[in-house]
There are 2 protein chains.
Amino acid sequence: MSQQPLTHCRTHREHYLQALFDFLRIPSISTLPEAAPDMQRAAEWLAEAMTRIGLDQVAVMPTAGHPLVYGQWLGAGPQAPTLLFYGHYDVQPVDPLDEWLSPPFEPTVRNNQLFCRGATDDKGQVYLVLAAIDSYLRTEGRLPINLKVIIEGEEEISSPNLAPWVEEHRAMLACDAVLICDSGILAEDVPLINHGTRGLTYMEIEVQGPATDLHSGGFGGVVDNPFNVLVRILAQLQDGETRRVLIPGFYDQVAPPDALEERLLAQVPVSDPVVQGLTGAPAVAGEAGYTAAERLTVRPTLDIHGMPGGFTGEGKKTVIPARASAKVSMRLVPNQDPAEIATLFERTVKSLAPSTVKVTVRTLGLARWSLVDLNEPAIQAAARAYEAGFGTPPLFMRGGGTLPIVADFQDILGRPVVMMGFGLPGDNAHAPNEKMSLTLFQRGMETVIHYFALLPEMMQAG
Amino acid sequence: MSQQPLTHCRTHREHYLQALFDFLRIPSISTLPEAAPDMQRAAEWLAEAMTRIGLDQVAVMPTAGHPLVYGQWLGAGPQAPTLLFYGHYDVQPVDPLDEWLSPPFEPTVRNNQLFCRGATDDKGQVYLVLAAIDSYLRTEGRLPINLKVIIEGEEEISSPNLAPWVEEHRAMLACDAVLICDSGILAEDVPLINHGTRGLTYMEIEVQGPATDLHSGGFGGVVDNPFNVLVRILAQLQDGETRRVLIPGFYDQVAPPDALEERLLAQVPVSDPVVQGLTGAPAVAGEAGYTAAERLTVRPTLDIHGMPGGFTGEGKKTVIPARASAKVSMRLVPNQDPAEIATLFERTVKSLAPSTVKVTVRTLGLARWSLVDLNEPAIQAAARAYEAGFGTPPLFMRGGGTLPIVADFQDILGRPVVMMGFGLPGDNAHAPNEKMSLTLFQRGMETVIHYFALLPEMMQAG
């Protein structure tokens, strides 16, 4: 292949980073209703960037929620493969704000790391693909493949409008493979291809006791406190010794990994000591009888994310709150059904509720797990691209996170999804001080350039 | 006695209410550091009001925390009894703000009820005593008793500086009895004297897991989630069936009520149906084997007030928070020792903590329970005053709340404390829509006037 696109992306790294900084400064937090104007602004910024790069038919396309941005370059001709690239421009909320070392929406480089909300998830990764396309088009005048690009604005809120949109635009999106850059590798020199993702069932429990907040001096001892009840319910959802989820039926559909999966799991250098080093936890923990690699990829989980209600300020207040809530999600694996898990969760929580309170269980989100066939030529091309970009072949590991659109793309378009990620486990996605390694920004651009170059021959061979 | 003070307080009720409104508008929330200027303003407002009424030597006196306000009227001569009146000008925080039907610091009258933070706890009750003094001095030119007044600004944060201040000013505060108007009666026509208060041990638990917030996609299943751990710890502090506190040793020092106490408890019209009507809870609950009146007064409790940490906003965020906390308090009864209970609490919590997290237990407040001797003439005078003010004699019931200064006054000054309150169980003290009945504001002024008149003869007879 020509070295020119690679050289261009190296010599123009600073230029691309400055553009990315502008993109990162837009606080596009999809879950906050008040951020709607910023969401629109981010979409328009992207459309301008895609047009400038040379994509055609660029459009900000409305959905029932936040808009998505489409563009394409189909100049490689009908014999060349067509790749659909997907990413998202929305980001997570930034609380707790006081733990950020620099403002969450002010891109700041420290120690060769770019700190900003969205740096790795997913604006940084979206932009490195755009930079790879730009480097190709500016040096070669063309791409070796046909390319379609959709960047959505609702990934962090479980993409409620993407699948219907893809379904509606199935003909327009016809392709040979889908590329997603929204995941991570294990270390700067340990590349990784995710060949699956976990699903998610996200629930909220609300316990209503008294009609209004009460003073515990006036009523302590005569009514049930919603928090006292709620912690009892939550404590019964997970075994304190084995960390197994105690919801009846929760594990019924969990498929044990097959022989190939077992072999791949054994190669993954994720272990309890590695996890401890990455997280700084006093000691690791998880479901008894499984390795860290298994617990992170092929086993389901249950996590409490927050418990709104009552008094959470400084100092002390002796209130019996009228309501206490909990946000709880479960990561799911093949063949658990997110909706069925929601039903089991609700049934179990309600069965644990005493008659002294009213318990409401709401489903905040459902997302399917996915699995990708490792024998697909588009996946094999990705492995070769990583080897070219990193000097070492990638590992294969199912992702612990959730990308519902993987299953949706595979089902609706009938084509394999390739997850090439350039994040790191310590990048603080969804946490304060989110960052991206500038080394991986560079390697990411180069790997994607290699992928564009390798895809035609691998698809032909496949 | 002369009817003139009574007539005056009736004809000037609107005038007194307008002054109280000014007092209520000052947002004197003692627990908020940023409210310090408002605390000073409230103290100065009070000092001005006390001077205007005709008290002498009025002063805003500094403490290590918020100032207190002192004033006296010693014109009744050495043969007359001396009463020390105590109240507080600080109030509770106002969250959750969206549940207030009118702004928390804008006094609003609806349906003969005065709504405002502090209306009943304790600005309204402080001001009705000042109005009673004013009515006496303006009509009679003198009081039948000597009077000393201290109004502090730290009651809602457990009065950390009051006991040392009283200790230092013991000679200045010498008196025959202490009057506190900071409690409630059972209904507008069911007056009540509290002859005791519960103590309080207020703790905070912080569970630290990973060093920073983590994404549950990247780490779900390989580290313990601090909230998952915390709910397990909290759930083991109280039995889900009997609602008994499971901290070893918690009940060891609890004294069973004596025969007189049992007789008084039987007269108290607090029952499960009454509690349910007052609170609107789906069903009442509490320690098995005890009546509602017992659970509220002579039995200790454990309440979770809030669980800060993690994601508590709208929508969903899949964070494994680095930290999860709980604010927990226990109401205590004779002869439980608040410091010893704090030690038992901390020991139990730590014994329940797995090695996967770091658990910190902090004591946020300790306050003693109190008991008052019903045979004291100052108490008997209060019973007579209620009968004169309400047309019906009061019940005697220990209070469920905490007034640490009751025990402090009794210990340091060696004199009985009389708790005459004019709040109602539905007044929402410490909750949104705090209020005071305007009927009870009026009856309160009149009852206090009767008390001033009755005290000399009862003390002489006693």
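Residues numbered from 1 in each chain as written. Chains lettered and ligands numbered in written order. Predicted model: local features only at pLDDT ≥ 70, side-chain atom pairs only at ≥ 80, totals over all residues.

Structural notes on the domain arrangement of chain A
Residue and element names in this part refer to chain A. When its domains are assigned, chain A resolves into domain 1 (4-197 + 370-461) and domain 2 (199-254 + 300-367). Computed over C-alpha atoms, the centres of domain 1 and domain 2 are 35 Å apart. Counted by class, the side of domain 1 that touches domain 2 contains two nonpolar, three polar and no charged residues. (Domains from an automatic or database assignment. Nonpolar A, V, L, I, M, F, W, Y, C, P; charged D, E, K, R; others polar.)

What to know about the packing of helix H3 (residues 36-53) of chain A against helix H4 (residues 123-140) of chain A
Residue and element names in this part refer to chain A. The N-to-C vectors of H3 and H4 enclose an angle of 20°; their axes lie 9 Å apart at closest approach. Of the possible angle classes, the one that applies to H3 and H4 is roughly parallel. In contact with Ala49, Met50 and Ile53 of H3, H4 contributes Leu130, Ile133, Asp134 and Leu137. Residue classes in the contact of H3 with H4 are distributed as six nonpolar, no polar and one charged. (Axes fitted to C-alpha atoms, helices over the stretch in contact; angles between N-to-C directions. Helix = DSSP H or I, 4+ residues; strand = E, 2+ residues; numbered from the N terminus. Parallel < 35°, antiparallel > 145°, perpendicular 65-115°, else oblique. Contact = placed C-beta atoms within 7 Å.)

Focus on the sheet that holds strand S5 (residues 113-115) of chain B
Residue and element names in this part refer to chain B. With antiparallel pairing, three strands are arranged side by side in an open sheet as S4-S5-S19. At either end of the open sheet lies a strand with only one pairing partner, and these are strand S4 (108-110) and strand S19 (435-437). Averaged over all neighbouring strand pairs, the angle between strand axes comes to 25°, with direction disregarded. Pairing geometry for S4 and S5, over three bridges, is antiparallel. (Pairing = 2+ DSSP bridges.)

Focus on the pairing of strand S6 (residues 146-152) of chain B
All names here are of chain B. Most of S6 is tucked away, with seven of its seven residues classed as buried. Alternating residues of S6 divide into Asn146, Lys148, Ile150 and Glu152 and Leu147, Val149 and Ile151, and every residue in both groups is buried. Of the strand pairs in this sheet, strand S2 (residues 68-73) and S6 are connected by five bridges, and their pairing is antiparallel. Among the inter-strand pairings, Val69 is bridged to a residue of S6, identified as Ile151. (Buried ≥ 20, exposed ≤ 12 C-beta atoms within 10 Å, placed from the backbone.)

With respect to the relation of the copies chain A and chain B
Overlaying chain A with chain B gives an RMSD of 0.1 Å, the required rotation being 180° about an axis along which the chain moves by 0.0 Å. Put plainly, the chains are arranged around a two-fold axis. For chain A, the smallest separation between a C-alpha atom and the rotation axis is recorded for Val231 of chain A, amounting to 2.4 Å. Interface overlap between copies: 100% of the residues of chain A at the interface are likewise at the interface in chain B, consistent with a symmetric, same-surface contact. (Least-squares fit on C-alpha atoms with pLDDT ≥ 70 in both.)

Thoughts on the interface of chain A and chain B
With 82 residues of chain A at the contact, the number on the chain B side is 82 residues. Among the residues forming the side of chain A that touches chain B, the class breakdown is 33 nonpolar, 35 polar and 14 charged. Taken together, the three bridges between strand S12 (residues 303-310) of chain A and strand S12 (residues 303-310) of chain B define a ladder with antiparallel strand orientation. Within S12 of chain B, the position partnered with Gly306 of chain A by the bridge is Gly310 of chain B.

Quick notes on the environment of Lys123 of chain B
Of note, Lys123 of chain B is situated in helix H4 (residues 123-140). Along the chain, Lys123 of chain B and Leu84 of chain B lie 39 residues apart, while their C-alpha atoms are 17 Å from each other.

Re helix H7 (residues 226-235) of chain A
Within H7 of chain A, 10 of the 10 residues are buried, leaving the element largely enclosed by the surrounding structure. Burial in H7 of chain A covers these residues: Pro226, Phe227, Asn228, Val229, Leu230, Val231, Arg232, Ile233, Leu234 and Ala235 of chain A.

So, the packing of helix H1 (residues 4-11) of chain A against helix H14 (residues 438-461) of chain A
All names here are of chain A. Running from N to C, H1 and H14 point in directions that differ by 160°, and their axes come no closer than 10 Å. Considering the angle they form, H1 stands roughly antiparallel to H14. H1 and H14 meet at a crossing whose hand is right-handed. Residues Pro5, Leu6 and Cys9 of H1 lie in contact with H14, whose contacting residues are Met445, Glu446 and Ile449. Among the residues making up the contact of H1 with H14, the classes are represented as five nonpolar, no polar and one charged. (Left-handed = near helix turned anticlockwise from the far one by under 90°.)

Some words on the pairing of strand S14 (residues 323-332) of chain B
Remark: a regular strand shows side chains that alternate across the two faces of the sheet. Residues and elements named next belong to chain B. Burial analysis of S14 places 10 of its 10 residues in the buried class, the great majority of the element. Across the two faces of S14 the burial is the same, with Arg323, Ser325, Lys327, Ser329 and Arg331 and Ala324, Ala326, Val328, Met330 and Leu332 all buried. Across 10 bridges, the pairing between strand S10 (residues 199-208) and S14 is antiparallel. Its bridge partner being in S14, Gln208 is matched across the sheet by Arg323. Inspection of the sheet shows S12 paired to S14 by three bridges, in the antiparallel sense. Of the residues in S14, the one forming a bridge with Gly306 is Lys327.

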